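# Structural overview
Spelled out from the first residue to the last, the chains are:
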Amino acid sequence: MAKQVATNITWHEGHVEREHRNKLLKQRGATIWFTGLSASGKSTIAFTIEHALVERGHLAYVLDGDNIRHGLNKNLGFSPEDREENIRRIGEVSKLFAEAGLLTLTSFISPYRADRDRARQIHEKAGLAFIEVFVEASVELCEQRDPRGLYAKARAGEIPEFTGISAPYEEPLKPEIVLDTEQLTVVESAQTVLDCLVQRGLLAGG
Ligand code: ADP
């Protein structure tokens with residue numbers, strides 16, 4: 001758990017209320033948190049939804065695991081401590097994006113329940129919607145898909161601490177949405193999430 005290091009710091013309250021941002025953007029900032037095994041379909045589905053939302057005139061943005069590890073989190077690996085810090089930072093960044101009014105889609109394996117729950121807590125404490133989406137597919141199916149050849153490398157012992165093979169994945173207990181990607185097409189999964197956003201009134205501002 002990250003501890004507060006800096007002292008002599010004061011929270012500076014802004015002058016713009018959340019409702020004003022909602023009216024401006026005609027939407028409510030929220031985080032849609034995708035979790036699941038590598039190759040379960042998180043990024044494919046998240047980018048499909050981002051595209052659909054932008055086409056409909058909404059401001060949406062994907063925070064993608066591999067992309068973030070090229071920059072903000074380039075100093076982190078895959079040890080349990082680094083995975084925790086990876087997700088802590090994404091929890092904080094997605095909360096800031098949601099606060100700024102974006103529909104933020106996060107695509108991270110995020111294997112530990114406690115880390116995801118902390119991301120949820122900071123959103124809920126700030127009164128921001130947090131929608132956990134479990135992208136479900138068996139290890140066997142993910143291994144068949146293996147778009148980046150990672151399972152093959154992990155089986156060959158070339159990638160230590162690989163989720164589903166040599167590192168744990170803790171399934172969500174009460175996700176808002178479960179996408180069974182063994183049954184649903186990418187488009188059907190995307191539509192399921194879009195329907196949920198509409199139902200929750202997140203695609204209307206004011
Ligand atoms: P993740 O982000 O979870 O690691 P990716 O989205 O990068 O997964 O990769 C999932 C792969 O599985 C993609 O190549 C995608 O086209 C493929 N795929 C096949 N069927 C499905 C499905 N029903 N839902 C999502 N992805 C699917």
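Here, every reference points to the structure presented above.
For the structure given in this document, a descriptive report is provided here. (Residues numbered from 1 in each chain as written. Predicted model: local features only at pLDDT ≥ 70, side-chain atom pairs only at ≥ 80, totals over all residues. Heavy atoms only, no water.)

## Description of the site of the ligand
- Lining the immediate environment of the ligand, one finds 14 residues, of which A39, K42, T44, R148 and L184 sit closest.
- A distance of 2.7 Å separates an oxygen atom of the ligand from a polar atom in the side chain of K42.
- Protein coverage of the free-state accessible area of the ligand, which is 570 Å², stands at 75%.
- Counting residues per element, the shell around the ligand draws most heavily on helix α2 (residues 42–55), at three residues. (Near = heavy atom within 4 Å. Polar contact = N/O pair within 3.5 Å; in protein donor to acceptor, adjacent residues only side chain to side chain. Areas by Shrake-Rupley, 256 points an atom, 1.4 Å probe, with all protein chains shown as cover. Helix = DSSP H or I, 4+ residues; strand = E, 2+ residues; numbered from the N terminus.)

## What about the sheet that holds strand β2 (residues 60–64)?
- Reading across the sheet, the five strands line up as β2-β3-β1-β4-β5 and stay open at both edges, with parallel pairing between neighbours. The strands lining the two open edges of the sheet, one partner per strand, are β2 and β5 (177–180). Strand-to-strand twist across the sheet, computed as the mean angle between neighbouring axes with direction ignored, equals 20°.
- Where strand β1 (residues 30–35) meets strand β3 (residues 103–107), five bridges bridge the pair, whose relative direction is parallel. Following the sheet pairing, T31 is matched in β3 by T104.
- Lying on the sheet, α2 is in contact with β1, β2, β3, β4 (129–136) and β5; it crosses β2 at an angle near 165°. (Pairing = 2+ DSSP bridges. Axes fitted to C-alpha atoms, helices over the stretch in contact; angles between N-to-C directions. Contact = heavy atoms within 4.5 Å.)

## Re the packing of α2 against helix α8 (residues 186–199)
- It is the contact of α2 with α8, at a shortest axis distance of 9 Å, that shows an interaxial angle of 55°. When the axes of α2 and α8 are compared, the pair comes out oblique. Classified by chirality, the crossing of α8 by α2 is right-handed. On α8, the residues that touch T44, I45, T48, I49, A52 and L53 of α2 are V186, S189, A190, V193, L194 and L197.
- Residue composition of the contact of α2 with α8, by class: nine nonpolar, three polar and no charged. (Parallel < 35°, antiparallel > 145°, perpendicular 65-115°, else oblique. Left-handed = near helix turned anticlockwise from the far one by under 90°. Nonpolar A, V, L, I, M, F, W, Y, C, P; charged D, E, K, R; others polar.)

## Observations concerning the packing of aromatic side chains
- Using the criterion set out here, one finds four aromatic pairs in the structure.
- Here the aromatic rings of F134 and Y169 are separated by 6.1 Å at their centres, their planes lie at 15°, and the arrangement is stacked. With F134 in strand β4 and Y169 in the loop between α7 (150–155) and β5, this residue pair connects regions lying 35 residues apart in the sequence. The burial state of F134 is the same as that of Y169; both residues are buried.
- The ring of F78 has R69 sitting right over it, with the charged end atom 3.9 Å from the ring centre. (Phe/Tyr/Trp six-rings, centres within 6.5 Å; stacked < 30°, edge-to-face > 60°. Buried < 20%, exposed > 50% of the residue type's maximum accessible area, 1.4 Å probe, protein only. Lys NZ or Arg CZ within 6 Å of the ring centre and 35° of its normal.)

## Comments concerning unusual backbone geometry
- Backbone geometry at N8 places phi at a positive 60°, although glycine is not the residue there.
- Within the secondary structure, N8 is located in the segment before α1 (18–25).
- The exposure class of N8 is exposed, given its relative accessible area of 79%.
- Of note in the backbone geometry, S110 takes a positive phi value of approximately 40° without being a glycine.
- By the element assignment, S110 lies in the loop between β3 and α5 (113–125).
- We classify S110 as buried; its relative accessible area is 3%.

## Here we look at the pairing of β2
- Buried residues dominate β2, accounting for four of its five residues.
- Where β2 meets β3, five bridges bridge the pair, whose relative direction is parallel. Looking at the pairing, D64 lines up with S107 of β3.

Keep in mind these numbers describe shape, not what the thing actually does.
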